[in-house]
Amino acid sequence: MKNDYSLCEDILQEEFQRQIMRANILFLQQHSLNEGELIGLLEHEGCHVSISRLAAFDDLEDLLLNEKVDLFVIEDSHDSLIAYAQKLLSLPFKIEFPVLYVMPEDNEWTRLELQNLAANHIIFGPQTMHNLASFIDLIILKDRYQKELQTMSGYITEATVVCEKDDEGDFVFKNLNKVFVNLEGVKAETLIGKKVKNSNLVFGLKNILEDMEEVYEKQSAIHMPNYFYIKDEKREWCDVYIYAPNPDQVSVISADLSEIKRAHDKSVQSNRYLQTILNAQHHIIYITDGEKLINTNQAFLDFFECDTMHAFIKSHGSVCNIFEPAKEPFYIDTNEPKWHRKVADNKENRYKIRIQHHQGIKFFFPSVEVINIDDKEQYVVVLTDITELESEKEKLRLLAM
């Protein structure tokens with residue numbers, strides 16, 4: 001059996017991976033992309049996806065009522081892309097997910113028109129499948145990071161640099177955006193046309209010159225989701241994406257993730273602290289939303305002889321599935337899957353639960369506290385073992401008879 005610390009770390013890591021690395025991608029109508037190859041490449045990037053198609057644009061609202069979308073990909077001609085962007089803006093509801101417009105070739109007028117229509121993600125021209133997969137992976141991750149930061153009243157800004165090669169074969173700065181200029185504390189004109197290898201930048205662009213060279217030669221994107229550099233003697237984290245917008249240029253996009261990284265580390269520490277408190281209790285404790293498990297303590301895992309919460313879910317589904325049938329009043333069984341609110345609202349009633357165990361039937365007294373997380377109800381359930389008490393009561397009943 002693992003110790004409390006490593007067990008907690010496993011649970012948190014599994015939950016983090018399950019939430020962050022799974023995505024649903026929606027494609028509009030027919031497209032030329034090989035879905036199987038794209039899924040395989042995205043999994044190689046660490047993003048596990050499912051892909052679905054939208055038969056008609058007018059069906060989007062109905063689909064969103066039943067499915068969660070992490071990215072909407074629209075691949076079509078220039079005029080059609082503009083028409084779809086206009087339709088998205090005219091919808092009676094707000095789009096909460098990013099949209100990627102795939103253009104058959106570069107057209108400056110179309111790009112500007114799409115940007116005017118609030119299109120943030122545009123890719124054009126013939127793309128290798130690996131390049132497209134990396135770009136899609138970056139969009140999905142950036143969107144999730146952005147939503148996570150918004151809950152902390154923050155935002156993500158992307159520092160963008162475009163480089164070209166000079167006559168000597170060295171990368172020189174072709175274009176910089178305002179975010180990059182502010183990050184470095186320099187004026188754009190002092191860098192435009194200068195060699196990257198001669199620059200002394202905080203972001204450490206020289207450290208990824210070999211990666212830029214590889215992208216330039218192979219015309220294949222590189223994604224570095226955990227790139228860091230030192231600024232003011234402090235480590236800063238960012239998600240770096242390097243790709244070739246055309247055969248003569250290399251672009252570096254950097255999304256600042258330092259706030260998220262520190263907030264995540266702090267959250268992990270808090271969760272470990274809370275998990276240690278839970279594991280110190282000898283009663284069985286678990287947290288649920290009424291349908292699925294969210295967390296458990298060590299006593300829960302020991303009782304059901306499972307190494308992790310996910311092992312229990314794989315074997316049993318939910319906790320109420322293992323309650324023994326009971327006809328007596330105040331007993332809860334599998335016929336009451338949403339019993340948590342009833343127990344929480346009627347604390348004066350002494351409800352009971354039977355659970356089949358390898359040592360025989362065990363009896364428990366449940367107590368439930370309701371908590372609200374992100375406006376959704378969750379239940380902290382404590383099961384107190386009253387098997388010995390019930391056994392004594394049965395002995396007294398037999399003696400009385």
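Structure first, text after, so check above.
Residues numbered from 1 in each chain as written. Predicted model: local features only at pLDDT ≥ 70, side-chain atom pairs only at ≥ 80, totals over all residues. Heavy atoms only, no water.

Trainee: Sorry, what's going on with the sheet that holds strand β1 (residues 22–28) here?
Mentor: Either a parallel or an antiparallel arrangement is found when strands of a sheet pair, and the pairing is made through backbone hydrogen bonds. If you trace the 5 strands from one edge of the open sheet to the other, you get β2-β1-β3-β4-β5, paired in parallel fashion. Every other strand in the sheet has two partners, leaving β2 (48–54) and β5 (121–124) as the edge strands with one partner each. Put simply, the sheet's adjacent strands are angled 25 degrees from each other on average, direction ignored. Examined bridge by bridge, strand β3 (residues 71–75) and strand β4 (residues 99–103) share 4 bridges and lie parallel to one another. The residue of β4 that forms the bridge with F72 is V99. Sheet strands in contact with helix α4 (residues 78–90) are β1, β3 and β4, and its direction is about 165 degrees off that of β4. (Pairing = 2+ DSSP bridges. Helix = DSSP H or I, 4+ residues; strand = E, 2+ residues; numbered from the N terminus. Axes fitted to C-alpha atoms, helices over the stretch in contact; angles between N-to-C directions. Contact = heavy atoms within 4.5 Å.)

Trainee: How should I be thinking about the packing of aromatic side chains in this particular structure?
Mentor: Here the distance between the centres and the angle between the planes together describe a pair of aromatic rings. Evaluated as defined, the whole model comprises 17 aromatic pairs. Geometrically, the ring pair formed by F72 and F97 is edge-to-face, given 6.5 Å between the ring centres and 75 degrees between the ring planes. You can see F72 sitting in strand β3 and its partner F97 sitting in the loop between α4 and β4, a full 25 residues away along the chain. Exposure class is identical for F72 and F97. Each is buried. Plain terms: the ring middles of F203 and Y227 are 5.5 Å apart, the flat faces sit at 55 degrees to each other, and that makes the pair tilted. Taken together, the residues F203 in the loop between α7 (178–184) and α8 (209–218) and Y227 in strand β8 (residues 222–231) connect sequence positions 24 residues apart. For F203, a relative accessible area of 2% gives the class buried. Here Y227 falls in the buried class, since its relative accessible area comes to 10%. Among the aromatic residues, those joined into a ring-pair cluster are Y286, F300, F303, F304, F312 and F364. Lying over the aromatic face of F228, R235 brings its terminal NZ or CZ to 3.8 Å of the ring centre. (Phe/Tyr/Trp six-rings, centres within 6.5 Å; stacked < 30°, edge-to-face > 60°. Buried < 20%, exposed > 50% of the residue type's maximum accessible area, 1.4 Å probe, protein only. Lys NZ or Arg CZ within 6 Å of the ring centre and 35° of its normal.)

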